[in-house]
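# Structural overview
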Amino acid sequence: MSELHFPWLEISILFPLLGAAWVSRLRDPDLARKWSLAFSGAAFLFAVGAWLDFEFIHGLEHQSEHRSLFTYWLEHEVLHDIFVIDSLGAPLFPLVALLYFLTTLTTLRTKVKRFSFALTLFSEAVLLATFSCQEQLAIIGLLAVGTLPPFLELRARGQSTRVYVLYMTLFIGLLILGWSFVEWEGRDKTIHTWWAIVPLLGAVLVRCGIAPFHVWMTDLFERATFGTALLFVTPIVGAYAAVRLVLPIAPDWVLQGMGLISLFTAVYAAGMCLVQRDSRRFFCYFFLSHSALVLVGLEAVTTISLTGALCVWLSVGLSLGGFGLTLRALESRCGRLSLVEYQGHYPHTPNLAMCYCLTGLASVGFPGTLGFVGAELLVDGIVTAYPLVGIAVVVAAALNGIAVVQTYFRLFTGTTYVSSVSLQIRMRERFGVLALAALILIGGLAPQFNVASRHQAALDIQSHRASISTTPTNHPSGAHDGEPLEHP
Amino acid sequence: MFTQETIIQALGLTVVGAPLTLVVVLGVPTLLGRPLHERVIGRLVQSAIGIGLLAALVVLGLMLSTGARYLPVRVGNWVLIHDYHFSIKFVFDRLSVPFVILSFLLCGTIGAFGNKYMHRERGFNRFFMFYAVFVLGMIITSLAGTIETLFTGWELVGLSSALLVAFYQERPSPVRNGLHVWCVYRISDAALLIASVVLHHLKGGGDFYALVGTEQWPAGHAEVSSYYALVVGLLLLLAAAGKSALVPFSGWLPRAMEGPTPSSAVFYGALSVHLGAFLLLRISPILDLSPWLGAAVMSVGLLSALFSAYTGRVQTDIKSALSFASLSQVGIIVAEIGFTSLFIYFTKYDSIGYVFRYITLIHILGHGCLRTLQFVRAPTLLHDYRIMENAIGERLPRVSSGFWGRLVADNIQPWLYRLALERGYLDAWLYGYLVHPLLRVFRTCDTLERKWTDLLSGEIAAERKPPEIVPEPLEQLL
């Protein structure tokens, strides 16, 4: 098969960047929405191209041959390998682009004036660059820059930025501090001191919203637009930072200790979901529980738990992205949604109700959906690493399942909502709903490809940790050791 | 050439494929916002159930003619990586085949009944969508050859049940009860998942063949220690208790009567309520290893039977009365399972014990048919009573309190009556000692977090401020 050597990666980052510059000059919000849709759509197509290129044409061994626009233009060797797609980032890259595209697509006119498309495109470019970056300093720089768009939006909306600034400053400060020690001790060194590990771990915990560093997230959801908050958290960029910055240098026992804190957060956030009175705070805690589970899986650092965590990362990104967009669509029609009384929206928006149910259940790993096998792997892996305490994962999943159905009943049933205008789903929202449903169900019914690619990524992560890890690679669950499990 | 194995494989896949196809065919138009016409739905349901039933009967015929007692249908590995595999396997044996046939028969009956009962109902398509998911879940659970496959069907049954309880969703009461049912099911699912993980680690896989031995049901010898048998068995008992509404989870069963009569009949009278007992029968060799476990199963069953026999006497509506009657039989069935395990453990007369298991299975089949009949007859029964009373011009004579009324002192009877009416205060205990304290803790945490955020931000959170009026013209919604 001929290789195209087409710079998919760079163009998919460049498009939203150019789009941000173009859209920022437009005064008409409708026109801005249309142009940003075009740019983010193009970015999504190129992102899919990059992923297909990696999976089916190039593969890992051809990365060094991957022609980079930067090399072509600047003739600078150092920049050659900055944007490189690998087994970890390959599916995350188009996932991020898809989330941005769907968010822009499903923005109704009621939200158009309040949602900044230019900032959204800019943050898309930064996030795509982050997920295609392997150079740690560049990742730190991009993570820091990525915190700007929500801050600018909060300021533009006249909202208090204190909580956000406080925690993001802490996050960036810890990143810089930790990495400074890594550089000072020597990057090639396999075992680093506490001075390097603890700040980086702390930064990851802050960014992922692990208790007690999570209040900035609830504050962001309350103050920013739903779309901006959703896009800022759903890709779980903190987990990416954990994989690139922390996992290569932290020993197993440190990670497993942090895993217990993440496990506590998963259960705590799941419980908090049940008592929320506002849909945005509910979504925030719901997301927190899932992102904590992803971190637990990463921090358990067995092959199965890593594979499960990477699978769940993908399924959570997709399903919670869809879940959030459904809530956002409902909010566009009815304003801020209360979870205290029944709303009864089902007769007006049955498709949104179905999407809500489907994406919510997919996020908790319901059978037949994208998250099922990943959740099974995650539970299996975590129970291996934490035999008794690991049962808490099941408790968190059960509570999350209850929370989804509870809020579904609150928002869509219990009474009859009276409206003088049609609240029916729009064509572009229907497209978004169907696209998400198709991905969730097809991915759920045929999970082998996804699981195999995540397993490969897990093995790659473990091989990078081989020098400091005490956990054997390819550690099987059950009695088998290093041999494929026999067919029953 | 068509070998017997190929034929069995094709038939087995047809049995599962028929309800799966029904789900897809009903689900896709629903997702596209173009639900099918009532008549088309009715025909599709009939066809799917008919094809599935026919395939199951042919499998039964083949098993009887060849003398085969165990026919596995391996679909393959759904997921296979170096360290983990998730295989899909269905098993046709003396436990699963009768249950599958019962499921198809009763679901087919209810499908036909529901086609008329739900005619012109606004949620006709929704009802049959959930019904299709339920049928699929039942078939998968019945035929599951691995614990993961069983878990898949278990969850499908749970979701469809909860959503059907909340079918009349314009009123808050069915929705509240639907949520209650879902909560109990999630506890049951969690227990089953934990048991599945433990078994996976003990045996390296979830195949029932490896878990309960190579002998066919009702025989079998599990190769685990009595300690692990107790742990796993108690988890599975908890899962079964939630699904079959055994004590202390019995409160959900009368609440589930909020749903349409067709779903009440098939779920809570006939099929879904027996799933717990089915699970215990499937893993009965594990129960045989621990007398404590057998005693626990028997105790839970007897307690549930006594509780429901007592509580059912004071119910004021026919469906609740029938639900408790159903539960009392399920309690007896579970007690039979526990008794059989104890019998095998202490006497070592395995062959007699296996006969008891057949009796339990026959009990399930008979009870399922009877209760379905009673549930679907219930709406017209009240109508018939009214006609009779109109004809004779007075109320029909009431049944006297009889033996128990003479036995219990007069001053205790109101207290007992109140206790029965409140269904043993089981729900009140669960809410008062488990649910509300937990929710109180989280609400306190929520309040503290909000205060902390307000302190850091220097202002009150947006949702507690007076609402801001944003002059958006309605036309912007169009």
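Residues numbered from 1 in each chain as written. Chains lettered and ligands numbered in written order. Predicted model: local features only at pLDDT ≥ 70, side-chain atom pairs only at ≥ 80, totals over all residues. Heavy atoms only, no water.

## Some thoughts on the overall build of chain A
Summing up its helical and strand segments, chain A has 21 helices and 0 strands in all. Evaluated residue by residue, chain A yields a buried proportion of 67% over its 488 residues. Summarising the internal contacts of chain A: among those between residues at least 6 apart in sequence, 83% fall at separations of at least 24. A total of about 16600 Å² of accessible surface is found on chain A, and carbon and sulfur atoms cover 66% of it. (Helix = DSSP H or I, 4+ residues; strand = E, 2+ residues; numbered from the N terminus. Buried < 20%, exposed > 50% of the residue type's maximum accessible area, 1.4 Å probe, protein only. Contact = heavy atoms within 4.5 Å. Areas by Shrake-Rupley, 256 points an atom, 1.4 Å probe, with all protein chains shown as cover.)

## Remarks on unusual backbone geometry
A cis amide bond links Ala211(A) to the next residue, Pro212(A), at an omega of 5 degrees. Topologically, Pro212(A) is positioned in the loop between α10 (194-208) and α11 (215-223). With an omega of 5 degrees, the peptide bond between Val247(B) and Pro248(B) qualifies as cis. Within the secondary structure, Pro248(B) sits in the loop between α8 (226-243) and α9 (252-255). In this structure, Arg120(B) takes a positive phi of about 65 degrees despite not being glycine. The residue Arg120(B) is located in the loop between α3 (96-117) and α4 (124-143) in this model. Even without being glycine, Ala245(B) reaches a positive phi, approximately 60 degrees. The class for Ala245(B) is buried, based on a relative accessible area of 0%.

## As for the nonpolar core
What tends to happen in soluble globular proteins is that the nonpolar side chains get buried as a cluster. Ranked by size, the top nonpolar core spans 315 residues in total, and within it Trp216(A), Trp313(A) and Trp252(B) carry the most contacts. Residue contributions to this core peak at 16 residues, all from helix α16 (residues 303-334) of chain A. Beyond its immediate sequence surroundings of up to four residues, Trp252(B) is in contact with His180(B), Val181(B), Val184(B), Tyr185(B), Gly242(B), Lys243(B), Ala245(B) and Tyr268(B). (Core = buried A, V, L, I, M, F, W, Y, C linked by side-chain atoms within 4.5 Å.)

## Examining the packing of helix α7 (residues 136-146) of chain A against helix α8 (residues 148-156) of chain A
Residues and elements named next belong to chain A. Two elements in contact, α7 and α8, have axes separated by 5 Å at closest approach and are oriented at 15 degrees. Considered as vectors, α7 and α8 are oriented roughly parallel to each other. Counting all contacts with α7, which are made through Ala144, Val145 and Gly146, the residues of α8 involved are Leu148, Pro149 and Pro150. Tallied by class, residues from the contact of α7 with α8 come to 5 nonpolar, 1 polar and no charged. (Axes fitted to C-alpha atoms, helices over the stretch in contact; angles between N-to-C directions. Parallel < 35°, antiparallel > 145°, perpendicular 65-115°, else oblique. Nonpolar A, V, L, I, M, F, W, Y, C, P; charged D, E, K, R; others polar.)

## Brief notes about the interface of chain A and chain B
With 89 residues of chain A at the contact, the number on the chain B side is 70 residues. Here chain A meets chain B over a buried area of about 7100 Å², counting both sides, of which 64% is carbon and sulfur. At the junction of chain A and chain B, the tally comes to 1 salt bridge. For the salt bridge of Asp446(B) with Arg281(A), the shortest nitrogen-to-oxygen distance reads 3.0 Å. Linking chain A with chain B are 17 residue pairs in polar contact (both at pLDDT 80 or more), by the criterion used here. A total of 9 residues in the side of chain A that touches chain B trace back to one element, the largest contributor, which is helix α19 (residues 392-412) of chain A. Class assignment for the residues of the side of chain A that touches chain B results in 46 nonpolar, 26 polar and 17 charged. (Buried area = accessible area lost by both parts, 1.4 Å probe. Salt bridge = Lys/Arg side-chain N within 4 Å of Asp/Glu carboxyl O. Polar contact = N/O pair within 3.5 Å; in protein donor to acceptor, adjacent residues only side chain to side chain.)

## Remarks on the packing of α3(B) against α4(B)
Residue and element names in this part refer to chain B. Interaxial distance between α3 and α4 falls to 9 Å at its minimum, and their mutual angle equals 170 degrees. Classified by the angle between their axes, α3 and α4 sit roughly antiparallel to one another. Every residue of α4 that contacts α3 at Ser96, Phe99, Val100, Ser103, Phe104, Cys107, Gly108, Ile110, Gly111, Gly114 and Asn115 is listed here: Phe124, Phe128, Tyr131, Phe134, Val135, Met138, Ile139, Ser142 and Leu143. Grouping the amino acids of the contact of α3 with α4 by side-chain chemistry returns 13 nonpolar, 7 polar and no charged.

## A few points about the packing of aromatic side chains
This model, assessed by the stated rule, comprises 51 aromatic pairs over all chains. Ring geometry for Phe181(A) against Trp184(A): centres 6.2 Å apart, planes inclined by 75 degrees, an arrangement best described as edge-to-face. Remark: Trp184(A) and Phe181(A) occur in helix α9 (residues 162-185); sequence separation between them is 3 residues, near one turn of the helix. Ring centres of Trp78(B) and Phe86(B) lie 5.3 Å apart, and the angle between their planes is 75 degrees; this geometry places the pair in the edge-to-face category. What makes Trp78(B) buried here is its relative accessible area of 17%. Linked through ring pairs, Phe221(A), Phe226(A), Phe282(A), Phe283(A), Phe286(A), Phe323(A), Tyr356(A), Tyr408(A), Phe409(A) and Phe412(A) together constitute an aromatic cluster. Here the guanidinium or amino end of Arg126(B) rests over the ring plane of Phe167(B), the centre of that ring lying 4.6 Å away. (Phe/Tyr/Trp six-rings, centres within 6.5 Å; stacked < 30°, edge-to-face > 60°. Lys NZ or Arg CZ within 6 Å of the ring centre and 35° of its normal.)

## Describing the confidence of the model for chain B
When pLDDT is averaged along chain B, the result is 88, and 95% of the positions lie at 70 or above. As a predicted assembly, this complex carries a pTM of 0.91 together with an ipTM value of 0.90. (pLDDT = per-residue confidence, 0-100.)

## Description of the pattern of salt bridges
Residue and element names in this part refer to chain B. Following the criterion strictly, the structure yields 16 salt bridges over all chains and no others. The partner of Asp427 in a salt bridge is Arg255, and the shortest N-O contact between them spans 3.0 Å. Within this pair, whereas Asp427 is found in helix α18 (residues 426-457), its partner Arg255 is found in helix α9, the two being separated by 172 residues in sequence. A residue is classified by how much of its surface remains accessible, and Arg255, at 21% relative accessible area, is partly exposed. Linking Glu389 and Arg395 is a salt bridge whose minimum nitrogen-to-oxygen distance equals 3.1 Å. On the basis of relative accessibility, which here comes to 19%, the residue Glu389 falls in the buried class.

## So, the pairing of strand β2 (residues 84-93) of chain B
Residue and element names in this part refer to chain B. Most of β2 is tucked away: 10 of the 10 residues are buried. Neither face of β2 is open: one carries Tyr84, Phe86, Ile88, Phe90 and Phe92, the other His85, Ser87, Lys89, Val91 and Asp93, and all of them are buried. Hairpin connection of strand β1 (residues 70-81) to β2: 2 residues between the antiparallel strands. (Pairing = 2+ DSSP bridges.)

## Brief notes about α18(B)
Residue and element names in this part refer to chain B. For α18, built from 32 residues, the straight-helix expectation of 46 Å at 1.5 Å per residue is met to within 8% by its first-to-last C-alpha distance of 45 Å. Its maximal kink placed at Gly432, α18 deviates by approximately 35 degrees. Taken residue by residue, α18 has Leu426, Asp427, Leu439, Phe442, Asp446, Glu449, Arg450, Thr453, Asp454, Leu456 and Ser457 as its buried positions. A positive backbone phi angle near 80 degrees is found at Gly458, which sits one or two residues after α18. (Expected span 1.5 Å × (residues − 1). Bend = angle between axes of the 7 residues up to and from the residue.)

## Looking at the pairing of β1(B)
As paired elements, β1(B) and β2(B) share 10 bridges and run antiparallel to each other. Each bridged residue has a counterpart across the sheet, and for Tyr70(B) the counterpart in β2(B) is Asp93(B).

## Notes on the side chain of Asp219(A)
By the element assignment, Asp219(A) lies in helix α11. Only 2.8 Å separates the side chain of Asp219(A) from the side chain of Arg223(A), close enough to count as a polar contact. Once residues within four sequence positions are removed from consideration, Asp219(A) is found in contact with Ser160(A), Val163(A), Tyr164(A) and Thr453(B).

## Overview of the state of the cysteines
Here the structure, examined in full by the defined rule, presents 0 disulfides over all chains. Cys357(A) takes part in no disulfide bond, and the closest cysteine sulfur to it belongs to Cys355(A), at a distance of 10 Å. You can call Cys357(A) buried: its relative accessible area is 13%. Cysteine Cys369(B) remains unbridged, with the sulfur of Cys107(B) as its closest cysteine sulfur at 12 Å. (Disulfide = S-S within 2.5 Å.)

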